[in-house]
Amino acid sequence: MTSCYSDYEASFVIGGQAFSWIASFLQDQTQQVFYKRCLSEVPQLLFGIPQGSVLGPLLFLLYVSEMFDIVAEFGFTSHAFADDTQLYVSVPAVSCQEATERFVAALNGFVTGWPAVG
């Protein structure tokens, strides 16, 4: 298992058979396209979750869960529905500059703190 899997195993206390089952679901994924009566080659997929899968919504929530920690760390509030997330803050007009700076810092936190893939 890669370190990314290990991070999630520790964060969500998913272990044993359940963890092995989820990890095996995400490994060795391929994709093929049928277009104009022709089949494409079958490449190995390095990222993503099969669309329409039963585990898809749960795995997406596990992946983005750290985002909500980063948002709270910078004093913002967030709201999520499916794959749409809103980040918001309410401040007096005199605090707009400070709020904007915190927002930029939060965005940098997303970029540098986001879980590594692989």
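You'll find the structure just up there.
Residues numbered from 1 in each chain as written. Predicted model: local features only at pLDDT ≥ 70, side-chain atom pairs only at ≥ 80, totals over all residues. Heavy atoms only, no water.

### So, the overall build of the protein
In terms of regular secondary structure, the protein is built from four helices and four strands. Ordering the α and β elements of the protein from the N terminus gives α-α-β-β-α-β-β-α. Scored against the burial criterion, the 118 residues of the protein give a buried share of 19%. A sequence separation of at least 24 residues applies to 40% of the contacts in the protein between residues at least 6 apart. (Helix = DSSP H or I, 4+ residues; strand = E, 2+ residues; numbered from the N terminus. Buried < 20%, exposed > 50% of the residue type's maximum accessible area, 1.4 Å probe, protein only. Contact = heavy atoms within 4.5 Å.)

### A short note on the pattern of salt bridges
In this structure the tally under the stated criterion is one salt bridge. With a shortest N-O distance of 2.7 Å, Arg102 and Glu98 are connected by a salt bridge. Taken together, the residues span about one helical turn, with Arg102 and Glu98 both in helix 4 (residues 96-113) at a distance of four residues. A residue is classified by how much of its surface remains accessible, and Glu98, at 38% relative accessible area, is partly exposed. (Salt bridge = Lys/Arg side-chain N within 4 Å of Asp/Glu carboxyl O.)

### Quick look at unusual backbone geometry
You will see that Asp28, though not glycine, has its phi angle at about 55°, which is positive. Assignment of secondary structure puts Asp28 in the loop between helix 2 (16-26) and strand 1 (34-35). Taking relative accessible area as the criterion, Asp28 reaches 65% and is therefore assigned exposed. Notably, Lys36 is not glycine yet its phi reads approximately 50°, a positive angle. Tracing the chain through its elements places Lys36 in the loop between strand 1 and strand 2 (38-39).

### As for the nonpolar core
Counting seven residues, the largest nonpolar core consists of Val64, Met67, Ile70, Val71, Phe76, Ala106 and Phe110. For this core, the secondary-structure elements that each account for two or more residues are helix 3 (56-73) and helix 4. Among the elements that take part in this core, helix 3 stands out by supplying four residues, more than any other. (Core = buried A, V, L, I, M, F, W, Y, C linked by side-chain atoms within 4.5 Å.)

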